[in-house]
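Observations on the model geometry
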Amino acid sequence: MDAKITLLPGDGIGPEVVAEAEKVLAAVGSKFGHTFEFARALAGGIAIDQTGNPLPDETLAVCRQSDAVLLGAVGGPKWSDPKAPVRPEQGLLKIRKELGLFANIRPVKIYPALAEASTLKRDVIENVDLVIVRELTGGIYFGQPQGPVDGPNGRAAIDTMHYTEAEVARLMHVAFKIARQRRKKVTSVDKANVLASSRLWREVAHQVAAEYPDVEFEDVLVDACAMHLIRRPGDFDVVAAGNLFGDILSDEASMLAGSMGMLPSASLAEGKFGLYEPIHGSAPDIAGQGIANPLATILSAAMMLRTTFDLPAEADAVEAAVDSVLARGYRTPDLAWSGETKVGTEEMGDLVAQTVIEA
Ligand code: IPM
Ligand code: MG
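Residues numbered from 1 in each chain as written. Chains lettered and ligands numbered in written order. Predicted model: local features only at pLDDT ≥ 70, side-chain atom pairs only at ≥ 80, totals over all residues. Heavy atoms only, no water.

1. Some details on the overall build of the protein
Looking only at helices and strands, the protein has twelve helices and 14 strands in total. Here the C-alpha radius of gyration of the protein, 20 Å, is about what a compact globule of 359 residues would show, namely 21 Å. With respect to the principal axes defined by its C-alpha atoms, the protein has extents near 60 × 50 × 40 Å. When each of the 359 residues of the protein is scored for burial, the buried share is 53%. Restricting the contact set of the protein to residue pairs at least 6 apart, pairs at least 24 apart contribute 75%. (Helix = DSSP H or I, 4+ residues; strand = E, 2+ residues; numbered from the N terminus. Rg over C-alpha atoms; globule rule 2.2 N^0.38 Å. Buried < 20%, exposed > 50% of the residue type's maximum accessible area, 1.4 Å probe, protein only. Contact = heavy atoms within 4.5 Å.)

2. Side note on the site of ligand 1
All residues adjacent to ligand 1 are Glu89, Leu92, Arg96, Arg106, Arg134, Tyr141 and Asp247. Contact between ligand 1 and Tyr141: an oxygen atom at 2.6 Å from a side-chain N or O atom of the residue. Protein burial of ligand 1: of its 320 Å² of free accessible surface, 77% is covered by the chains. Ranked by the residues each element gives to the shell around ligand 1, the list is headed by helix 4 (residues 88–98), at three residues. (Near = heavy atom within 4 Å. Polar contact = N/O pair within 3.5 Å; in protein donor to acceptor, adjacent residues only side chain to side chain. Areas by Shrake-Rupley, 256 points an atom, 1.4 Å probe, with all protein chains shown as cover.)

3. Examining the pattern of salt bridges
Tallying each qualifying case throughout the model produces 20 salt bridges. Asp219 is paired through a salt bridge with Arg202; the nearest N and O atoms lie 3.8 Å apart. Taken together, the residues span a long stretch of sequence, with Asp219 in strand 9 (residues 216–221) and Arg202 in helix 7 (residues 196–209) at a distance of 17 residues. Judged by its relative accessible area of 26%, Arg202 falls in the partly exposed class. (Salt bridge = Lys/Arg side-chain N within 4 Å of Asp/Glu carboxyl O.)

4. Looking at the packing of helix 3 (residues 57–64) against helix 4
The packing of two helices is summarised by the inter-axis angle and the distance between the axes. Their axes nearest at 11 Å, the elements helix 3 and helix 4 cross at an angle of 40°. Considered as vectors, helix 3 and helix 4 are oriented oblique to each other. Here the hand of the crossing between helix 3 and helix 4 comes out right-handed. Listed contacts from helix 4 to Asp57, Leu60, Cys63 and Arg64 of helix 3 are Lys94, Ile95 and Glu98. Residue composition of the contact of helix 3 with helix 4, by class: three nonpolar, no polar and four charged. (Axes fitted to C-alpha atoms, helices over the stretch in contact; angles between N-to-C directions. Parallel < 35°, antiparallel > 145°, perpendicular 65-115°, else oblique. Left-handed = near helix turned anticlockwise from the far one by under 90°. Nonpolar A, V, L, I, M, F, W, Y, C, P; charged D, E, K, R; others polar.)

5. Considering unusual backbone geometry
With an omega of 0°, the peptide bond between Gln144 and Pro145 qualifies as cis. You can see Pro145 is positioned in strand 6 (residues 143–148). Unlike most non-glycine residues, Lys184 shows phi in positive territory, near 60°. Of the residues examined, Lys184 reaches a relative accessible area of 34% and is grouped as partly exposed. You will see that Asp310, though not glycine, has its phi angle at about 50°, which is positive.

6. Thoughts on helix 12 (residues 345–358)
In a regular helix each residue adds 1.5 Å, so 14 residues correspond to 20 Å; helix 12 covers 20 Å between its end C-alpha atoms and thus fits that length. Among all positions of helix 12, only Thr345, Met348, Gly349, Leu351, Val352, Ala353, Thr355 and Val356 are buried. For helix 12, the secondary structure elements touched by its buried residues are helix 1 (14–32), helix 10 (295–307), helix 11 (312–327) and strand 13 (330–331). (Expected span 1.5 Å × (residues − 1).)

7. Things to note about the side chain of Arg106
If you trace the backbone, Arg106 turns up in strand 4 (residues 103–109). Asp247 is the oppositely charged side chain nearest to the buried, salt-bridge-free Arg106, at an N-O distance of 4.4 Å. At 2.6 Å, the side chain of Arg106 forms a polar contact with the side chain of Asn104. Within the structure, the side chain of Arg106 is placed 2.7 Å from the side chain of Ser250, a separation counted as a polar contact. (Lys, Arg positive; Asp, Glu negative; His and termini not counted.)

8. Observations concerning the domain arrangement of the protein
With domains assigned, the protein is organised as domain 1 (1–104 + 271–359) and domain 2 (119–257). Of note, the centres of domain 1 and domain 2, computed from C-alpha atoms alone, are 25 Å apart. Every contact between the two is made by eight residues of domain 1 and, on the other side, 14 residues of domain 2. Summing both sides of the interface, domain 1 and domain 2 together bury roughly 1,100 Å²; the carbon and sulfur share of this comes to 65%. On the domain 1 side of the contact with domain 2, Lys97, Phe102 and Asn104 bury the most area, a combined 54% of that side's loss. Linking domain 1 to domain 2 there are zero salt bridges. Between the two partners, domain 1 and domain 2, sit three residue pairs in polar contact (both at pLDDT 80 or more). Residue classes in the side of domain 1 that touches domain 2 are distributed as five nonpolar, one polar and two charged. (Domains from an automatic or database assignment. Buried area = accessible area lost by both parts, 1.4 Å probe.)

9. Some words on helix 9 (residues 243–254)
Here helix 9 is twelve residues long and its end C-alpha atoms lie 16 Å apart, about the 16 Å a rise of 1.5 Å per residue gives. What helix 9 keeps buried is the set Asn243, Phe245, Gly246, Leu249, Ser250, Glu252, Ala253 and Ser254.

10. A look at the packing of helix 11 against helix 12
Relative orientation of the contacting elements helix 11 and helix 12 amounts to 125°, with a least axis distance of 8 Å. Between helix 11 and helix 12, the angle falls in the class oblique. Crossing of helix 11 against helix 12: the hand is right-handed. Between helix 11, through Ala317, Val318, Ala321, Val322, Ser324, Val325 and Leu326, and helix 12, the contact on the second element is made entirely by Met348, Leu351, Val352, Thr355 and Val356. Split by residue class, the contact of helix 11 with helix 12 holds ten nonpolar, two polar and no charged.

Pasting the structure below:
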C-alpha cells in the first residue's frame, strides 16, 4: 500500500513522541512492504509563533490531501495567557471541526506488565478493557453563544451546551458498531437529571439502542460514571459520552492504565479518514529532556493502521511489539515502578521498531 500521512508534531513533547511513531511506521513499512509518505505541517503554539495562526490554512490543505494525520500535542505555558487573542487549543478544535472528526475513540486497556503502575489495586483494574467513544465536534466546546457577556452585575461569561438529534445519533451508531466487535455492551453517559441537552441525548441514545437489540445498553449519569470507573471499571465495555463528559472521563480512565503516556486515540470522520493522537497533552515540564513516553503515540499509529488503512496484521504487530518491550521490563520514567530498566523516548521507539522488524 502507498499512503500519505501528515505529521503534526505540535508543541512540548509532541515532536519527540511523533518522531518515534514515525520510526515505528517506517519499520512497519519495510517489514510489510508498504510505502508511507510523510508530510509535516504546523499546528498549535509553534504555528502561532511562526504564522500567528494555530491552524494555518496550509496545514488544513496538507491534511486534506493525506489519508491520515498523526498529531503529537498542542499547548504550553508560553501560549496560555487567558488574555491571549489566539490559543493553541483553538487549532485543535478547528481541525476536528473542519475535518468532520466527530467520533473520538479512546481505548483503555491494562497491560499486565504495568498493573503495578496504576494507583488502583490490582484486583480492581485486572479485567479493564473499555473504549470511550467521545463526541468531538459538538456540545459545549462549540455551542454558541460563547464568550464574555459583561453586564450590569459585572464581568460574566457564557458557554452553551448544544446537541442536535443527528449529532447524538451518529455518535451512538459508532458506539454500537464498536460494541458489536467487542463484548456487546454500551453505556451512555449524560446528566439528564439536570441538563436539557442530556435529556435529548438520552432519548436519542434509546432510539438508536433499539436498532441494536443484540447489544446490552444502559444509561449512567456522568457523576455516577466517574465513581463506577474507579469502583468497577471492569464492567464497562463501550462508554459513549458527549464532548465535555468524554474529555473528563477519558483522563480519569487513563489512570486505570497507570499512565496517560499509554493511551492512544483516533478521531474519525464518516469514512476512513482519521486523525490519530495520544490523549496526553504537551507535558511542557518534561519537554526536550528525552524522557517522554512515546507509546501512546505509537499505539495511535497502530490504530491508524487498523482503522484508516485496514491493515490489522500490521496494527497487531505494533501492539505486540509494545507488549513485548514492556514485558521485557523496559520503562520510560512515567512507568518505572521499581527494578525495571529505565529508557528514554528514543530508546523506547527504537526497541518497538526493532521488535516489529524482528518479529
Ligand atoms: C483532549 C484535550 C483537548 C480537549 C484540549 C487540549 C483542547 O484535553 O484531547 O482531551 O479538551 O479536547
Ligand atoms: Mg482532554
